[in-house]
Amino acid sequence: MDRIETLSWREFGADDLPALTGLAEACLAADGGLPLFARPPLLRARLLQTRTLAAWHEDGLVAAVGVGVPERPDATTDATARAGAPTDATARPATATGIVHPDWRGKGLGARLLGWASEQADADLVVTTETWSPGADRLFTAHGLHETFAESVLRHDLTAIPAVALPDGLRTEPVTPQVGPDLFAIYHASFTDRPGFAAPTAEEWLGDLADDDEYRPDLSLLARDQDGRPVGFVNVIGVWIDQVGVAPAWRKRRVGAYLVAAALRSLAADGAREAWLCVNDDNPAGALYRRLGFADAGRRARYLLRR
């Protein structure tokens, strides 16, 4: 009997988190990708959705998908939709993430998970993969999905840290509550020219940093020019270089390179053995990070199925 015929299919929940963790770890080992995917917060967010389906072989979890379906509109909204007016509920797509154990690929499990996820969506479906692979890309493309976002996951071995001189006219300082307004100002100035940049308020952005238990303001840096104006920054969260930004007038002067190298030195001095970051495929900073010693450790991506 083919092993595929011995599989049992059922919903899964929070009690299955250890099995989901093992499955995510197996996929990361085979494909690379975002290592945070195997940690409970992101694993819960991606897979423990409103609707779930998993395949088990004996006591082992071999495939799983979670689908987040927006709440259906109420009766008033239904009438509005029938009249042709758009509503927030009908506009929001469903979301899904699925994974298949490397030993069980090539047997149609991915196609079954994707087909089931598609059936759960009343409108568009957004599929996120934190462990991208060429096989997953072929599967999504064959089923009519197109890629809308992709970024590389990069890792730096902190046994070898690049030496980058402090650019002329620059000084740096650790992030403290007092520099919050300047930190947000240079964040906004650094990213406002990026396509699709959705500017948060200072309260939202600084509040998200303060609420993150792993944010390291002591290892994060704010760069200023000779007149004290903020011209660049780097934020460190855990062992991640979370964000690096440089004012347009200061780009191509090795400000970003210096800030990243300084953060790597601080992480190493703090006892970390590795550092990580993610960079969008269309971000030219990817070349800089690789020159600084970051190595590719996988990719993550998002796809859209339109209805």
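In case you missed it, the structure is sitting above this.
Residues numbered from 1 in each chain as written. Predicted model: local features only at pLDDT ≥ 70, side-chain atom pairs only at ≥ 80, totals over all residues. Heavy atoms only, no water.

Honestly, the packing of helix H7 (residues 180-191) against helix H8 (residues 202-211) in this entry has me stumped. Any pointers?
Pairs of packed helices are described in terms of their axes, by the angle between the two and the distance that separates them. Packing of H7 against H8 leaves a shortest axis separation of 10 Å and a crossing angle of 110 degrees. Looking at the two axes, H7 sits roughly perpendicular to H8. On H8, the residues that touch Gly-180, Pro-181, Leu-183, Phe-184 and Tyr-187 of H7 are Ala-202, Trp-205, Leu-206 and Leu-209. Of the residues that constitute the contact of H7 with H8, the class distribution is eight nonpolar, one polar and no charged. (Axes fitted to C-alpha atoms, helices over the stretch in contact; angles between N-to-C directions. Helix = DSSP H or I, 4+ residues; strand = E, 2+ residues; numbered from the N terminus. Parallel < 35°, antiparallel > 145°, perpendicular 65-115°, else oblique. Contact = heavy atoms within 4.5 Å. Nonpolar A, V, L, I, M, F, W, Y, C, P; charged D, E, K, R; others polar.)

For this particular structure, what's the right way to read a negative patch on the surface?
A surface patch of negative charge is lined by Glu-203, Glu-204, Asp-208, Asp-211 and Asp-213. Along the polypeptide, Glu-203 turns up in helix H8. Judged by relative accessible area, Glu-203 falls into the exposed class, the value being 65%. (Patch = residues over 30% accessible without salt bridge, like charges linked within 9 Å, V, L, I, M, F, W, Y side chains within 5 Å. Areas by Shrake-Rupley, 256 points an atom, 1.4 Å probe, with all protein chains shown as cover. Salt bridge = Lys/Arg side-chain N within 4 Å of Asp/Glu carboxyl O. Lys, Arg positive; Asp, Glu negative; His and termini not counted. Charge placed at Lys NZ, Arg CZ, Asp CG, Glu CD. Buried < 20%, exposed > 50% of the residue type's maximum accessible area, 1.4 Å probe, protein only.)

I would appreciate a short explanation of the environment of Arg-171 in the present structure.
By secondary structure assignment, the location of Arg-171 is in strand S7 (residues 171-174). A residue is classified by how much of its surface remains accessible, and Arg-171, at 42% relative accessible area, is partly exposed. Spatially, the C-alpha atoms of Arg-171 and Asp-225 are 6.5 Å apart, while their sequence positions differ by 54 residues. Setting aside anything within four residues of it in sequence, one finds Arg-171 in contact with Leu-222, Ala-223, Arg-224, Asp-225 and Gly-228.

Any chance you could explain the pattern of salt bridges here in plain terms?
Oppositely charged side chains may form a pair once their charged atoms are brought near each other. Enumeration according to the criterion identifies 19 salt bridges in this entry. Of the charged contacts, one joins Glu-151 and Arg-300 as a salt bridge, the two residues approaching to 2.5 Å between their closest N and O atoms. You can see Glu-151 sitting in strand S6 (residues 146-157) and its partner Arg-300 sitting in strand S12 (residues 295-305), a full 149 residues away along the chain. Each member of the pair, Glu-151 as well as Arg-300, carries the same accessibility label: buried. Note that Arg-155 is salt-bridged to Glu-274, the shortest N-O span being 2.7 Å.

Would you explain the environment of Gly-293 in this entry?
Take Gly-293: it is sitting in the loop between helix H10 (285-291) and S12. In this structure, Gly-293 is in contact with Arg-155 and His-156, ignoring residues within four places of it in sequence.

Sorry if this is basic, but what is going on with the nonpolar core here?
Side chains that are nonpolar tend, in soluble globular proteins, to be buried together. Residues Val-234, Ile-241, Val-260, Leu-267, Leu-277, Tyr-289 and Phe-294 are the most contacted members of the largest nonpolar core, which totals 33 residues. Put simply, the parts of the chain that give this core at least two residues each are strand S8 (221-224), strand S9 (230-237), strand S10 (240-246), helix H9 (255-269), strand S11 (274-280) and H10. Per-element tally for this core: the top contributor is H9, with 10 residues. Beyond its immediate chain neighbours, meaning those up to four positions away, Val-260 contacts Val-244, Tyr-289, Leu-292 and Phe-294. Within the second largest apolar cluster, 28 residues are counted, among which are Val-65, Val-69, Leu-125 and Trp-132. (Core = buried A, V, L, I, M, F, W, Y, C linked by side-chain atoms within 4.5 Å.)

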